[in-house]
Amino acid sequence: MPNCTPYTASYYTMGIICALDKELLAVRCLLDSVHPPLRVSRHDSNSYTLGTMGGHNIAATCLPASEYGTNSAASAASQIRMSFPELEFCLLVGIAGGIPGKEDIRLRDVVVSLPIGTRSGVVQHDMGKSTPDVCFVETGSLQRPPRVLLGGISSLRSNPHLASNPLREFVEIISRLKPAYSFPGRVNDLLFQPNCVHDTSDATCDGQVNCQVPRTPRGTNHPYIHYGLIGSGNKVVKDAVLRDQLAKKYNILCLEMEAAGILNVLPCLVIRGICDYSDSHKSKVWQEYAAATAAAYPKLLLIDIRAYGPFGHIAPVALDYTEASNASEPPNGRASASDGQSDRLPRHPARPLQRLEDIIKSPVAVPSGQLIDVKPSLCSALQAPRMPRSATDILKKAESYAERRGLWNDVPSDTTPLIAALKEWAETRSSDVLVLEPQGPSAEPRADDLAFEVISLLKSQSQPIHWILSPAFADPLTEHDIVHCLAEQLGGSFNHSDTTINLQELLSGMIPQALDDIGKFFFVLAVKHLSLTLSLLEILKAIQVKPGRTVKIIMVGYSPLYHQATEMLPSASVHHIRPAQPNPKRRRTQTRWRERVHAQIQPDSCR
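These numbers come from a predicted model, not from an experiment.

Rules used throughout
Residues numbered from 1 in each chain as written. Predicted model: local features only at pLDDT ≥ 70, side-chain atom pairs only at ≥ 80, totals over all residues. Heavy atoms only, no water. pLDDT = per-residue confidence, 0-100. Contact = heavy atoms within 4.5 Å. Salt bridge = Lys/Arg side-chain N within 4 Å of Asp/Glu carboxyl O. Helix = DSSP H or I, 4+ residues; strand = E, 2+ residues; numbered from the N terminus. Buried < 20%, exposed > 50% of the residue type's maximum accessible area, 1.4 Å probe, protein only. Axes fitted to C-alpha atoms, helices over the stretch in contact; angles between N-to-C directions. Left-handed = near helix turned anticlockwise from the far one by under 90°. Nonpolar A, V, L, I, M, F, W, Y, C, P; charged D, E, K, R; others polar. Pairing = 2+ DSSP bridges. Core = buried A, V, L, I, M, F, W, Y, C linked by side-chain atoms within 4.5 Å.

**Student:** If you had to explain the confidence of the model for the protein to someone new, which residues and values would you point to?
**Tutor:** Model confidence for the protein is summarised by a mean pLDDT of 75, while 70% of its residues fall at 70 or above. Within the model, pLDDT remains below 50 along residues 1-5, and this stretch shows 11 contacts once partners closer than five positions in the same chain are excluded. A low-confidence stretch, residues 603-607 stays under pLDDT 50, and its non-local contacts, those more than four residues away or across chains, total 15 contacts.

Structure, rendered in structure tokens:
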């Protein structure tokens, strides 16, 4: 099998550590893509989920079942750094007990560690020594969060266009995939007086009305984000009196049990969702939702932080050779088919493509074999704001990559059964979904190429089809680019420069109106923006139930999250195809492949 540039440990520059599996589940729901597992050291007992989030390649793990505390967390941090030596920093994401008082902290809120004065952002309240006068003296200190993360927090807090509920979109994604992570209801957010101890005979303490602290209701149910000090220790705090003593002494906002073990092992930012008030009334009602709000904050933060490249593994600049020069082929050339090698371009699937203007402004040491001669006119052109890509441009780019890589269109061993399955599925009269999930290390580029081939096939049969794609442009497509492309296909438009527009509201009004007169149509979803995919599926689900309407949805992806996304379509019949690996010894030209396709599917077979 040809070398498809496998993922290596050096590609991962950010770690995420969770204490509980329910916390890691929420994080995994927000991954933009999921990568194949890697072999790690036999001395590393961590289990990893690898993928991308906000343009960063991440390695996520959680502590072993039934283990918790600073010692277990320190062990996990040491092992993740051993297996992924290029990690720049780590995020500790999960739930914690809130401390009401100084700030109006409610269950569901998020607390982010931020240095204050001489404190680094986390206070280990049980680290110190007891003196003869029964006085507890702190000893030692913890590292501050990395400067790049503190800079990202400043950028986020100073953004005048930040929505009043910036976490909503990501929390909704998690709750759609896992309903148990939905909002438990304001009625379950009860705060009791410090001297009111939980009555074990009353599971909810509803009868202790006189013990409840009266609080002014918030005008909204969405979580607030608080920044300040977080208390960390090896013991669970379920005592409101002790909680308030610690809050008064250290000026902390919440209490947890892992951060102090990680901070001196790996540069780390601590993010906690509040699930209880660290008192005797502690329960698990809010744990899932608090885990969802905590997982949403890293997604929001990382979108604003530039991705780092490991030294010696810097991705080459990806240029559109038809636009950047008169050369018809990339400078690296391609291997011939007779050599039994893949003719695809060198590619780094685990790392987002580095933009050329970033290299111009911040020169770095690039290996000699990866330098590209850039024309001065191109450098100046890239400094101007680019116009949104048209649907034709995106389709041409997808075709170009498909023809160069040849991972689908010249392999009869997996195209033949795929074409047969596609033909049978397209001829049915009911609305349903076809999920195409390539397997193996080349799953991502194969999915990109397959999406183009399916679109090309349906267009050649004059079928009513709408599509969204994300080919690998040098300047990656954003959600606004993709919606602009879809709006063009639907005969509408919107202001591309308006970044505050609600894309879901736009699509929910545009798609049904444009498709009212079409009795049957195909919709190909092949993008790496999970939130956009879920929004489109919600709209298409509403269209499917209309009488006289047949909606065929084709989802092409390499992420297990896309497989889970189909669960929100209970009325549809979902079919899965996981084609076999390509056989490099059985190759044929693009022309012969298209002849085979047209021989199997006649013009009237998809009607």
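Having seen the model, we can carry on.
**Student:** Describe in detail the pattern of salt bridges, supporting the description with residues and values.
**Tutor:** Under the defined criterion, the tally for this structure stands at 13 salt bridges. Linking Asp-32 and Lys-299 is a salt bridge whose minimum nitrogen-to-oxygen distance equals 2.3 Å. Placement of the pair is Asp-32 in the loop between α1 (21-29) and β2 (33-34) and Lys-299 in helix α7 (residues 287-302), with a sequence separation of 267 residues. The two residues Asp-32 and Lys-299 agree in class, both being buried. Where Lys-282 meets Asp-276, a salt bridge forms, and the shortest distance between an N and an O atom there is 3.0 Å. Accessibility expressed as a relative area gives 28% for Lys-282, which makes it partly exposed. Using a relative accessible area of 5% as the deciding quantity, one classes Asp-276 as buried. Each of Asp-104, Arg-106, Asp-109 and Arg-218 takes part in a single network of salt bridges with overlapping partners.

**Student:** Explain the packing of helix α4 (residues 168-177) against helix α16 (residues 530-544) to me, using residue names and the numbers behind them.
**Tutor:** If you want to describe how two helices pack, look at the angle between their axes and the distance between the axes. With their axes 10 Å apart at the nearest point, α4 and α16 run at an angle of 65 degrees to one another. Seen along the crossing, α4 lies across α16 with a hand that is left-handed. On the side of α4, the interface is formed by Glu-169, Ile-173 and Arg-176, while α16 contributes Leu-530, Ser-531, Leu-534, Ser-535 and Glu-538. In the contact of α4 with α16, the residues fall into three nonpolar, two polar and three charged.

**Student:** Any details on the pairing of strand β16 (residues 550-556)? Residues and values, ideally.
**Tutor:** When you tally the buried positions in β16, you get seven out of seven residues, the bulk of the element. Burial along β16 is two-sided: Thr-550, Lys-552, Ile-554 and Val-556 and Val-551, Ile-553 and Met-555, pointing in opposite directions, are all buried. Two strands pair when backbone bridges link them, and strand β13 (residues 432-436) and β16 are joined in this way by five bridges, in the parallel orientation. When the bridges of β16 are listed, Val-433 appears paired with Ile-553. For strand β15 (residues 520-526) and β16, the ladder comprises six bridges, and the chain directions are parallel. Residue pairing for β16: Lys-520 is matched across the bridge by Thr-550.

**Student:** An account of the nonpolar core is needed here, citing residue identities and associated values.
**Tutor:** Ranked by internal contacts, the top residues of the largest apolar core, which has 142 residues, are Tyr-297 and Ile-554. Among the elements that make up this core, the one with the highest residue count is α7 (11 residues). What Tyr-297 contacts, discounting residues up to four positions off in sequence, is Val-110, Val-112, Ile-153, Leu-156, Leu-167, Ile-225, Tyr-227 and Ile-271. Leu-229, Tyr-250, Ile-252 and Leu-255 belong to the second-largest nonpolar core, a separate cluster that totals nine residues.

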